[in-house]
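Now for the letters of each chain:
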Amino acid sequence: MTDIKKQLLSVADSCVKCGICAPHCPTYTHTQNENESPRGRIALIQAWAGGNLPISDNLLNHIDSCLLCRACEKACPAVVPYGKLIDDFRAEIHDEMPTKNSVKMIKSISENKRIQGFIKSGLRFYQTNHLQKTARFLHLPKLLGLNELERLVPNFKEKEPLKNYYATKNEVKGDVGLFVGCMGELFDFETVNAAIHVLTHVGFNVHLPENQTCCGALALHDGDKNSAIKLAIQNELAFSAENLQAIVTIASGCGVTLREYSAKNFTTKVLDISHFLSQTDFDFSTLKPFSGNVRLHSPCSLKNGLKTDKSVLKVLQQIPEIQISALPETQQCCGAAGSYSLRHEEMAKTLLNELLTTALEKPTDYLVSSNIGCALHIAAGLRERSENVEVIHPIVLISRCLK
Ligand code: SF4
Ligand code: SF4
């Protein structure tokens, strides 16, 4: 037996098969199939690693259909490191797992700044010359197998290129690094600018190292461990140059991946921006009042990974006159889950519809989410329902309230 198989087996053996995780699992909830439950998937890996189950399409599909939302990990009394087990198994069988074109495309975009530059110009052209409307009318994205990717694309907004350093104009409280991620600059420029605005206002000098790159989550969850390690090393180096007191993230999906890099002097500094702000002495009750009904979505990466979801509510509740209510604790994954919505459209849409139905039970003007992947997926669902709800990051809301 190989060392990797021994390692997988020893982790899988730590599962006592109690089933406490099952009702927390979105795929099990919807299929009632044991193979689509955390316990079932662990048993499949256990059987494969023990030499009792060959690789088959069925086995691969059951493992691939896991969202990696880690709701099971949070519920597990035996503390089985489920996410790592699945990542390690996917890495081991990577060559046997087919990767969809849309996933390959999004991975290439995420890892290559030159391609991101082309995408920026292409998006501007695609959206401002009515090509998008024509392509959608002719069903071209569907014919090219890119429908799920195309529906996520937000409206292009002209923007200034980012600088590498923004100094605070207020009393200096320290220096922080801002992790923008591969999609931030491309699809969520408002959040990047809001983060810089708020952090400098609170008193921090903000560094955006030029060599920072994708966090590697897409590669890691696709089983492409080599690419994930390469990206991790590049980010560790990029942020090591300055004496930073924190590495602040604006996408919880990236944050949880960065927290699990191997360099401890890097990982211990990684904090989600709302959690970071909740630890400063900034008085949020001095902000301008905010009007409108706000629904708060807690991404799985924030709730089950970073476990700092409460900080978002704590910070936002201090804004004068804000009407905010969080989605129920029991709300399951929205279905975005990295590249999941591109690989499992049906399950992703079922989960999204459930979330939107719950969210819209109350009057909602703004839906706040701390993860770009969830925000794009949720915004696409709201557009498809013709709902007039703006999906924004909590830091954008705070930035709009600065006097
Ligand atoms: S809760 Fe933990 S120990 Fe129990 S079945 Fe699920 S993974 Fe295994
Ligand atoms: S990570 Fe999420 S989808 Fe996967 S088994 Fe656990 S609860 Fe289910």
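Bear in mind that the values here come from a model prediction, so they are computed numbers and not experimental data.

A. Spatial organisation of the overall build of the protein. When helices and strands are tallied, the protein shows 24 helices and nine strands. Across the 403 residues of the protein, 44% fall into the buried class. In the protein, once contacts between residues fewer than 6 apart in sequence are set aside, the share between residues at least 24 apart is 76%.

B. Just the site of ligand 1, in detail. Around ligand 1, the surrounding shell holds 15 residues, and the nearest of these are Cys15, Cys18, Cys21, Arg39 and Cys76. With three residues, the single largest contributor to the shell around ligand 1 is helix α3 (residues 38-49). Tallied by class, residues from the shell around ligand 1 come to 12 nonpolar, one polar and two charged.

C. Geometry of the site of ligand 2. Not every one of the 14 residues close to ligand 2 is listed here, only the nearest: Cys25, Pro38, Cys66, Cys69 and Cys72. Within the residue set of the shell around ligand 2, elements represented by two or more residues are α2 (26-31), α3 and α5 (71-75). Split by residue class, the shell around ligand 2 holds 10 nonpolar, two polar and two charged.

D. Molecular detail of the nonpolar core. Core analysis: the largest hydrophobic core is formed by 106 residues, its most contacted members being Ile45, Ala195, Leu199, Ile247, Val248 and Ile378. Looking at this core element by element, the count peaks at eight residues for helix α23 (residues 372-384). The residue makeup of this core includes at least three contributed by each of domain 1 (3-96) and domain 3 (162-403). Discounting chain neighbours no more than four positions away, the residues touching Ala195 are Leu178, Ile250, Ile273 and Ile395.

E. Layout of the sheet that holds strand β4 (residues 246-249). Ordered in space as β1-β3-β2-β4-β5, the five strands form an open sheet in which the pairing is mixed. At either end of the open sheet lies a strand with only one pairing partner, and these are β1 (165-166) and β5 (270-272). Summarising the sheet, strand β2 (residues 174-179) and strand β3 (residues 204-207) pair through four bridges and their orientation is parallel. Each residue of the ladder has a partner; that of Gly174, found in β3, is Phe204. Strands β1, β2, β3 and β4 of the sheet are contacted by helix α13 (residues 189-202), whose axis makes an angle of about 145 degrees with β3. Contacts between helix α16 (residues 252-259) and the sheet are confined to β2, β4 and β5, with β5 contributing the most and set at about 160 degrees to the helix.

F. Summary view of the environment of Ala238. Here Ala238 lies in helix α15 (residues 225-238). Take Ala238: there are 20 C-beta atoms within 10 Å of it, and that puts it in the buried class. Between the alpha carbons of Ala238 and Thr213 there is a distance of 8.6 Å; along the sequence they are 25 residues apart. Among all residues touching Ala238, those that are not within four sequence positions of it are Pro209, Asn211 and Gln212.

G. Molecular detail of the packing of helix α1 (residues 3-13) against α3. Where α1 meets α3, the axes come as close as 9 Å, and the angle between the chain directions of the two elements is 145 degrees. In the packing of α1 onto α3, the handedness of the crossing is left-handed. Mapping the contact onto sequence places Lys5, Leu8, Leu9, Ala12 and Asp13 in α1 and Ile42, Ile45, Gln46 and Ala49 in α3. In the contact of α1 with α3, the residues fall into six nonpolar, one polar and two charged.

H. Here's a closer look at the packing of α3 against helix α4 (residues 57-64). Between α3 and α4, whose axes approach to 10 Å, the crossing angle comes to 135 degrees. As summarised for this structure, α3 and α4 are arranged oblique, according to the angle between their axes. For the pair α3 and α4, the sense of crossing is left-handed. Contacts between α3 and α4 pair Arg41, Leu44 and Trp48 from the former with Leu59, His62 and Ile63 from the latter. Partitioned by chemical class, the residues of the contact of α3 with α4 number four nonpolar, one polar and one charged.

I. Representation of unusual backbone geometry within the structure. The residue Val79 is not glycine, and still its phi comes out positive at about 50 degrees. Looking at the element boundaries, Val79 is found in the loop between α5 and α6 (82-92). Given 9 C-beta atoms within 10 Å, Val79 falls into the exposed group.

J. View of α3. Given a rise of 1.5 Å per residue, 12 residues ought to cover 16 Å, and the 16 Å separating the end C-alpha atoms of α3 matches this to within 8%. Directly beyond the C-terminal end of α3, a positive phi value near 80 degrees is found at Gly51.

K. Structural detail: the sheet that holds strand β7 (residues 323-326). Pairing within the open sheet is parallel, and its four strands lie in the order β7-β6-β8-β9. Each edge of the open sheet is held by one strand with a lone partner, namely β7 and β9 (390-392). Between one strand axis and the next, the sheet turns through 25 degrees on average, direction left out of account.

L. Up close: α15. Taking 1.5 Å per residue as the helical rise, α15 with its 14 residues ought to reach 20 Å, and the 20 Å between its terminal C-alpha atoms agrees with that figure. Every buried residue belonging to α15 is among Ala228, Leu231, Ala232, Asn235 and Ala238, and all of these are buried. Down the axis of α15, the smallest arc covering the buried residues is 130 degrees, so these residues share one side.

M. Representation of the pairing of strand β8 (residues 366-369). By the bridge criterion, four bridges tie strand β6 (residues 293-297) to β8 in an arrangement that is parallel. Each residue of the ladder has a partner; that of His297, found in β8, is Ser369. Pairing analysis gives three bridges linking β8 to β9, with the strands arranged parallel. When the bridges of β9 are listed, Leu367 appears paired with Val391.

Scoring rules and cut-offs
- Residues numbered from 1 in each chain as written.
- Chains lettered and ligands numbered in written order.
- Predicted model: local features only at pLDDT ≥ 70, side-chain atom pairs only at ≥ 80, totals over all residues.
- Helix = DSSP H or I, 4+ residues; strand = E, 2+ residues; numbered from the N terminus.
- Buried ≥ 20, exposed ≤ 12 C-beta atoms within 10 Å, placed from the backbone.
- Contact = placed C-beta atoms within 7 Å.
- Near = placed C-beta within 6 Å.
- Nonpolar A, V, L, I, M, F, W, Y, C, P; charged D, E, K, R; others polar.
- Core = buried A, V, L, I, M, F, W, Y, C linked by C-beta atoms within 7 Å.
- Domains from an automatic or database assignment.
- Pairing = 2+ DSSP bridges.
- Axes fitted to C-alpha atoms, helices over the stretch in contact; angles between N-to-C directions.
- Left-handed = near helix turned anticlockwise from the far one by under 90°.
- Parallel < 35°, antiparallel > 145°, perpendicular 65-115°, else oblique.
- Expected span 1.5 Å × (residues − 1).
- Arc of directions from axis to C-beta.

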